[in-house]
Amino acid sequence: PGGTWANATDLSDKLQCLACPKGSSCSTGSVAPTPCAPGSVAASAGSAECTACAGGSYRAEPNGTACEACLRGSYCPPASSAPLPCPGGTWANATDLSDKLQCLACPKGSSCSTGSVAPTPCAPGSVAASAGSAECTACAGGSYRAEPNGTACEACLRGSYCPPASSAPLPCPGGTWAN
């Protein structure tokens, strides 16, 4: 019967069949246990089939008896054999996500690279004007951003110059001026 196996030819009763071990499945008529594939498990002995890992969990190795919680910065659809990273511009701190749509949009003034577990504030001299940025953008020459978490660069001040990615206006050197 399902959940058991036997490779002998002289059996006279179904009670002589062996129980399928944990981490394996045995369909009716099995001559050997079949290891559960990655992304599925058999928690107890005597399983006729392996069970897919639920969304928000995964199993990387074959012969599994338990699924593992998904990792932070990732999501795990049902039957996952590995966590999938949240896309750039999003982040996740939870360990039970089953769909990339559950990853959170990175807020304005910060960036979120692929697989982020938290937003990273834009450093002075760079900005993220809109939500969902995978990386911060350096302020262009002639502008600056003094504070972190910027959403807009400011025009350089009179009597100063601002190279690209400036965090502060620099005074014009002696003997020069700027309007």
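It should be noted that the structure appears before, not after, this text.
Report on the accompanying structure. Along every chain, residues carry numbers that run from 1 in the direction the sequence is written. Local features in this predicted model are restricted to residues whose pLDDT is 70 or higher, and side-chain atom pairs enter the listing and the counts only when it is 80 or higher, whereas totals over whole chains, interfaces and linings include all residues. The basis for the side-chain values is all heavy atoms of the structure; hydrogens and waters are excluded.

The next subject is the state of the cysteines. Note on terminology: pairs of cysteine sulfur atoms within 2.5 Å are recorded as disulfides. One pass over the structure, following the stated rule, counts nine disulfides. Residue C36 pairs covalently with C50 via a disulfide, S to S 2.1 Å. In this structure, the disulfide formed by C36 and C50 twists by about -90° around the S-S bond and is classed as left-handed. Of this pair, C36 sits in the loop between β4 (34–35) and β5 (40–41) while C50 sits in the loop between β5 and β6 (51–52), placing them 14 residues apart in sequence. Only protein chains enter the accessibility calculation, which uses a 1.4 Å probe; a residue whose area is less than 20% of its type maximum is buried, one above 50% is exposed, and one in between is partly exposed. Here C36 falls in the buried class, since its relative accessible area comes to 0%. For C50, a relative accessible area of 23% gives the class partly exposed. The disulfide that involves C86 links it to C103, with 2.1 Å between the sulfurs. Around the S-S axis, the bridge from C86 to C103 shows a dihedral of about -75° and counts as left-handed. What counts as a helix is a DSSP run of H or I of at least four residues, what counts as a strand is a run of E of at least two, and both are numbered from the N terminus.

Time to look at the environment of L104. Of note, L104 is situated in strand β12 (residues 104–105). Assessed through its relative accessible area of 44%, L104 is described here as partly exposed. Separated by 28 residues in sequence, L104 and G132 place their C-alpha atoms 8.6 Å apart.

Before going further, it helps to examine the environment of G29. In this fold, G29 is placed in the loop between β3 (24–25) and β4. Along the sequence, G29 and G3 sit 26 residues apart, while their C-alpha atoms lie 9.5 Å from each other.

Bringing unusual backbone geometry into the picture now. Even without being a glycine, N63 presents a positive backbone phi close to 65°. Among the secondary structure elements, N63 is positioned in the loop between β7 (57–58) and β8 (68–69). Notably, A165 is not glycine yet its phi reads approximately 65°, a positive angle. As for its position among the elements, A165 is in the loop between β19 (160–161) and β20 (170–171). On the basis of relative accessible area, A165 is assigned to the partly exposed category, the value being 40%.

Geometric descriptors of this kind do not, in isolation, establish any biological role.
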